[in-house]
Amino acid sequence: MTTPATLMTTYGRAPVAFVKGEGCYLIDSDGKRYLDAVAGVAVNALGHSHPHFIAAVQQQVATLTHTSNLYRIPLQEQLAAELCRRSGMEQVFFCNSGAEAIEASLKLARKIGHGRGLQVPAILVFEGAFHGRTLGALTATHSPKYQEGFTPLLDGFVRVPYDNLAAVAATLAARPDICAILVEPIQGEGGVRMPAPGYLKALRELCDRHDLLLILDEVQTGNGRTGTWFACQHEGVRPDILATAKGLGNGFPIGACLAAGPAAGVFQPGHHGSTFGGSPLACAAGLAVYAALTQEDLCGNAARLGAYLLERFRRELATTPGIRDIRGQGLMLGIELGQDCGELATRARERGVLINISSGTTIRLVPPLVLSQADAEFLAATVITLVQEFCHGH
């Protein structure tokens, strides 16, 4: 399928168009139903056409959509309070996407670094990271294919291997200009890569020891995805800055940069801003998501069904050749193969399941958090069969 001339060719789109969504299913223009284990790339936490989400957004559209941040926005204040309550953070800046939340985080860290007397404050980032495609986020990202043709990138970033505490410690000892560490609790675009248990806690301790800021990119892992409100809570870690988006709006564009401790109270009028960020409509969507997460225990559902899927994949694929690893947390799961497996997305779609291939060799499964046991069983059976056929050369 060719891209129309009026659209920039920034995406390699699959030859299918969806016209309707119901729960965890999408329906295409030919009427075929698909179990959606992509969820708009970990966005549709409540699935499609969730009745309470629809009602909240419809009511807000009919009431007030946008006023700008020149004035108080009560719904923004309510959502900020809810995010702080669930995350343990203290302040929120609202924007429109994950990349914008990362950019706000980077600016906040640099502002603090300059305030501490650093002429060129640097930020420690990691191999395999993906933080977005805007220029600051792109520099923090570790992918030549995304960066090629967009140089010069920004100065002020130092990169070390992921899940290697010795490398972090050595770099911090050699670089007194570092003011912050930016890390994903789980690398999503990097192939659902998980660090060893205790990694985030150890980074928190290193930051405390060196008086650095810990910035967590929870754009994909936040908002219930891994079975807790935020992935850092599995280890009892509170960062100084936390960026999130994706599942926060269930498809409505919204992002947030959360601050605590030394990062709270730093931004003042004029330091940062957003025309659309935190609009009444966006915040109504966010509040509806958090109400559903709470009322339907979707964090618990993600934990339970994620554990079921992980155990079943590991058990039924244990003797399948060509599998490097099966990993994940909550409803953020990856099956890494020993070869490029991009064609599996097409094969799965032909069988009525939507999956995503991350880093070329990893099947990434991020279904809606409203996934049912029956749908989890269908997803597991389909993916297991596809992987077995693929690994045996069929």
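Because the structure is a prediction, the values reported are computed rather than measured.

Asks: Give a description of the sheet that holds strand 3 (residues 33-36) that names residues and reports values.
Replies: On the basis of which strands lie adjacent, the open sheet formed by 4 strands has the order 1-2-3-13 and mixed pairing. Edge positions in the open sheet fall to strand 1 (18-22) and strand 13 (353-354), since each of these has one partner strand only.

Asks: Before we move on, could you go through the sheet that holds strand 10 (residues 255-259) and cite the residues and values that matter?
Replies: Within the open sheet, the 7 strands sit side by side as 4-10-9-8-7-5-6. Their pairing is mixed. Among the strands making up the open sheet, the edge pair consists of strand 4 (91-95) and strand 6 (157-160). Each neighbouring strand pair of the sheet contributes to a mean axis angle of 20°, computed without reference to strand direction. Note that strand 9 (residues 241-244) and strand 10 share 4 bridges and pair antiparallel. By the bridge assignment, Leu242 is partnered in strand 10 with Leu258.

Asks: Now, about the nonpolar core: what can you tell me, with residues and values included?
Replies: In terms of nonpolar packing, the biggest core is built from 87 residues, with Phe126, Leu203, Phe313 and Ile355 touching the most fellow members. A total of 10 residues in this core trace back to one element, the largest contributor, which is helix 9 (residues 280-295). Among residues more than four places away in sequence, those in contact with Leu203 are Phe126, Leu165, Val168, Ile181, Val183 and Leu214. Cys95, Cys179, Leu213 and Ala263 belong to the second-largest nonpolar core, a separate cluster that totals 26 residues.

Asks: Can you explain unusual backbone geometry? Please cite residues and give values.
Replies: Put simply, Thr151 and Pro152 share a cis peptide bond, and its omega is 5°. Mapped onto the elements of the fold, Pro152 is located in the loop between helix 6 (144-147) and strand 6. For Val192, which is not a glycine, the phi torsion comes out positive at approximately 50°. We classify Val192 as buried; its relative accessible area is 0%. Positive phi outside glycine occurs at Ser359, with the angle close to 60°.

Asks: Which residues make up helix 4 (residues 98-115), and what values go with them?
Replies: Taking 1.5 Å per residue, 18 residues should reach 26 Å; helix 4 reaches 26 Å between its end C-alpha atoms and fits that length. Those residues of helix 4 not exposed but buried are Gly98, Ala99, Ala101, Ile102, Ala104, Ser105, Leu106, Leu108, Ala109, Ile112 and Gly113. With a side-chain oxygen lying 3.2 Å from the backbone nitrogen of Glu100, the N-terminal cap of helix 4 falls on Ser97. Where helix 4 ends, the next residue or the one after it, Gly117, has phi of about 95°, a positive value.

Asks: Describe empty space enclosed by the protein, naming the residues involved and giving the relevant values.
Replies: With the rule as written, the count across this model stands at 1 cavity of 30 Å³ or more. Quantified by volume, the largest cavity comes out at close to 40 Å³. Looking at the lining of the largest cavity, its residues break down into 3 nonpolar, 4 polar and 1 charged.

Asks: Pulling in residues and values, what's your account of the packing of helix 7 (residues 165-174) against helix 8 (residues 199-210)?
Replies: Running from N to C, helix 7 and helix 8 point in directions that differ by 10°, and their axes come no closer than 11 Å. The orientation of helix 7 with respect to helix 8, classified from their angle, is roughly parallel. Here Leu165, Val168, Ala169 and Leu172 of helix 7 come into contact with helix 8, specifically with Tyr199, Ala202, Leu203, Leu206 and His210.

Rules behind the numbers
Residues numbered from 1 in each chain as written. Predicted model: local features only at pLDDT ≥ 70, side-chain atom pairs only at ≥ 80, totals over all residues. Heavy atoms only, no water. Pairing = 2+ DSSP bridges. Helix = DSSP H or I, 4+ residues; strand = E, 2+ residues; numbered from the N terminus. Axes fitted to C-alpha atoms, helices over the stretch in contact; angles between N-to-C directions. Core = buried A, V, L, I, M, F, W, Y, C linked by side-chain atoms within 4.5 Å. Buried < 20%, exposed > 50% of the residue type's maximum accessible area, 1.4 Å probe, protein only. Contact = heavy atoms within 4.5 Å. Expected span 1.5 Å × (residues − 1). Polar contact = N/O pair within 3.5 Å; in protein donor to acceptor, adjacent residues only side chain to side chain. 1 Å grid on protein atoms, 1.4 Å probe; cavity = no way out; pocket = protein on both sides within 12 Å on 5 of 7 lines; lining within 4 Å. Points joined across faces, edges and corners; volume = space filled by probe spheres on them. Nonpolar A, V, L, I, M, F, W, Y, C, P; charged D, E, K, R; others polar. Parallel < 35°, antiparallel > 145°, perpendicular 65-115°, else oblique.

Take it as geometry only, folks, not as evidence of what the structure does.
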